[in-house]
Amino acid sequence: MNAMTRRALIATTAVAMALSMAACGKAGGDKKDSAASGDSTSIGLLLPENASSTRYESFDRPFIEAKVKSLCPDCKVLYNNAEGSAAKQKQQFDTLMAQGVKVIVLDAYDAKSTQGWVQEAAAKGVKVVAYDRLATGPVAAYASFDNEKVGELQGQALLDAVGPQASDANIVMINGDEADPNAAQFKAGAHKVLDGKVKKVVYEQSGEWKPTVASQKIGAAVSQLGKSGFQAVYSANDGMAGAIITQLQGSGIKVPVGGQDAGLDAIQRIVTGDQAYTIYKAYRPLADSAAELAVDLLKGKDVKSLATASVDSDTDKAIPAKLLDAKVVTKANIKDTVVADGLYKVSDICTADYAAACAAAGLQ
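Note that the structure is a prediction, hence the values are computed from the model and not measured.

Reading the values: the criteria
Residues numbered from 1 in each chain as written. Predicted model: local features only at pLDDT ≥ 70, side-chain atom pairs only at ≥ 80, totals over all residues. Heavy atoms only, no water. Salt bridge = Lys/Arg side-chain N within 4 Å of Asp/Glu carboxyl O. Helix = DSSP H or I, 4+ residues; strand = E, 2+ residues; numbered from the N terminus. Buried < 20%, exposed > 50% of the residue type's maximum accessible area, 1.4 Å probe, protein only. Axes fitted to C-alpha atoms, helices over the stretch in contact; angles between N-to-C directions. Parallel < 35°, antiparallel > 145°, perpendicular 65-115°, else oblique. Contact = heavy atoms within 4.5 Å. Nonpolar A, V, L, I, M, F, W, Y, C, P; charged D, E, K, R; others polar. Pairing = 2+ DSSP bridges. Left-handed = near helix turned anticlockwise from the far one by under 90°. Expected span 1.5 Å × (residues − 1). Disulfide = S-S within 2.5 Å.

> Describe the pattern of salt bridges, listing the residues and the values that go with them.
Counted according to the given criterion, the structure contains 15 salt bridges. Of the charged contacts, one joins Asp132 and Arg55 as a salt bridge, the two residues approaching to 3.1 Å between their closest N and O atoms. Of this pair, Asp132 sits in the loop between strand S4 (127-131) and strand S5 (141-145) while Arg55 sits in helix H2 (residues 55-71); the two residues are 77 residues apart in sequence, bridging distant segments of the chain. By the burial criterion, Asp132 is buried, and Arg55 matches it. Across the pair Glu152 and Lys192 runs a salt bridge whose closest N-O atoms are separated by 3.3 Å. Taken together, the residues Glu152 in helix H5 (residues 147-162) and Lys192 in helix H6 (residues 181-194) connect sequence positions 40 residues apart. Since its relative accessible area comes to 23%, Glu152 is described here as partly exposed.

Quick look at the structure:
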């Protein structure tokens, strides 16, 4: 082989190698582009906590997972619980983004902190469904209850529990976490009903959705007002209501206390007369609505046929929303609400410790 032939062979080989490397590079690029396009079969689900309320693990998560599966058999739900930490939830959100998930159902632990997360997601084509709490930022849709109306139901139920003496009654209010926009709406709705119909709200504090904090706050109220200084207690949810009732019982005080969430322990307290009422927000319709919105967004569909209302957040306007109605539960309608809907069986409520109270309430 002469020198000229060798040089031609080397040049040909170099060109072939270059073309081969370019082709490999293109294949690698296609793979990267595919990853960037996102996971078309996964939906992220981020729930806020599991300490002050049992509902998220017992109801919201399994209901959402089941509905997604029924609507999209090939889809999977990637679930995490923030366990009461906004920082942890942010990490979970970022992980879902890194995994290429294109739709995230977010029940924000701290709704005011999510604006930057949701903006970043929207910029990358990731759709966020705000669940239960209205996250800040450009969320694609919102599934919840009409929370101000929930507060109105709470306020009216408290008036009903106090009875004809309501106009002379002093009320203690233990509200939810101020970082939760729902808490502000519950509070506003309750005040809308209570103000002018009770003598005075004599003590009002945030219980932060934490039973321990609510217990401390009601203890402070008793110290400040005395045992006869108030005639009823508004508690924003059942977890706090349980702690409040325990604290009041320890002080020898018996006044109406209401809550929200229709937890099993709350229903049992209602049966015994320790708690006056709760608010039943049917978890399955809420979970189903969120799953339907998420699957439609994953498939690129318009959600306006599902989201028939609209709401405004602190940062964005006219967010498509699916808003559901809630119900008051008292001893008189347990059978017609949480039992009729299949949330609990009578046997779930009427365990041995509650058998006598259940019989007196007509549940057995």
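After that view, the rundown keeps rolling.
> Which residues make up unusual backbone geometry, and what are the values?
Even without glycine at this site, Glu208 takes up a positive phi of about 60°. Tracing the backbone shows Glu208 in the loop between strand S7 (200-206) and helix H7 (211-225). Of note in the backbone geometry, Ala262 takes a positive phi value of approximately 55° without being a glycine.

> Any details on the packing of helix H3 (residues 86-98) against helix H4 (residues 115-123)? Residues and values, ideally.
For the pair H3 and H4, the least separation of the axes is 11 Å and the interaxial angle reads 5°. Relative to H4, the element H3 lies roughly parallel. Along its contact with H3, which presents Ala86, Gln89, Lys90, Phe93 and Met97, the element H4 presents Trp117, Glu120 and Ala121. Split into classes, the residues belonging to the contact of H3 with H4 amount to 5 nonpolar, 1 polar and 2 charged.

> Run through the sheet that holds strand S6 (residues 170-175), naming residues and quoting values.
Consider a sheet: its strands pair through backbone hydrogen bonds, and that pairing is either parallel or antiparallel. Strands sit in the order S7-S6-S8-S9 across an open sheet of 4 strands; the sheet is parallel. Strand pairing shows two members of the sheet lacking a second neighbour, S7 and strand S9 (257-258), which therefore form its edges. Here S6 runs beside S7; their pairing, made up of 6 bridges, is parallel. Within S7, the position partnered with Val172 by the bridge is Tyr203.

> Describe the environment of Val103, listing the residues and the values that go with them.
Following the sequence through the fold, Val103 ends up in strand S3 (residues 101-106). What makes Val103 buried here is its relative accessible area of 1%. Measuring from C-alpha to C-alpha, the distance between Val103 and Lys127 comes to 4.7 Å, with 24 residues separating the pair along the chain. The contact partners of Val103, leaving out residues within four places of it in the chain, are Ser42, Ile43, Gly44, Val126, Lys127, Val129, Ala294, Leu297 and Leu298.

> Hey, could you go over the packing of H7 against helix H8 (residues 238-250) for me, with residue numbers and the actual values?
Between H7 and H8, the shortest axis-to-axis distance is 8 Å and the interhelical angle comes to 40°. Viewed along their axes, H7 and H8 adopt a mutual orientation that is oblique. Handedness of the H7/H8 crossing: right-handed. Side by side, H7 and H8 meet where Pro211, Ala214, Ser215, Ile218, Gly219 and Val222 of the first sit next to Gly239, Met240, Ala243, Ile244, Gln247 and Leu248 of the second.

> I'd like a description of helix H10 (residues 283-298), backed by residues and values.
The terminal C-alpha atoms of H10 lie 22 Å apart, and with 16 residues this matches the ideal 22 Å at 1.5 Å per residue to within 8%. Count one or two residues on from H10 and you reach Gly300, which has phi positive near 80°.

> Tell me about the state of the cysteines, residues and numbers included.
For the structure on display, the rule yields 2 disulfides. In this model, Cys72 is linked to Cys75 through a disulfide, with the two sulfur atoms separated by 2.0 Å. Between Cys72 and Cys75 the disulfide shows an S-S torsion of about 60°. By sign, it is right-handed. Across the pair, Cys75 and Cys72 agree in class, each one buried. Each sulfur of the disulfide joining Cys350 and Cys358 lies 2.1 Å from the other. For the disulfide bridge between Cys350 and Cys358, the dihedral angle about the S-S bond is near -95°, and by the sign convention the bridge is left-handed. The burial state of Cys350 is the same as that of Cys358; both residues are buried. Sequential numbering of the bridged cysteines in the protein chain gives the disulfide pattern 1-2, 3-4.

That's the geometry; what it means functionally is another story.
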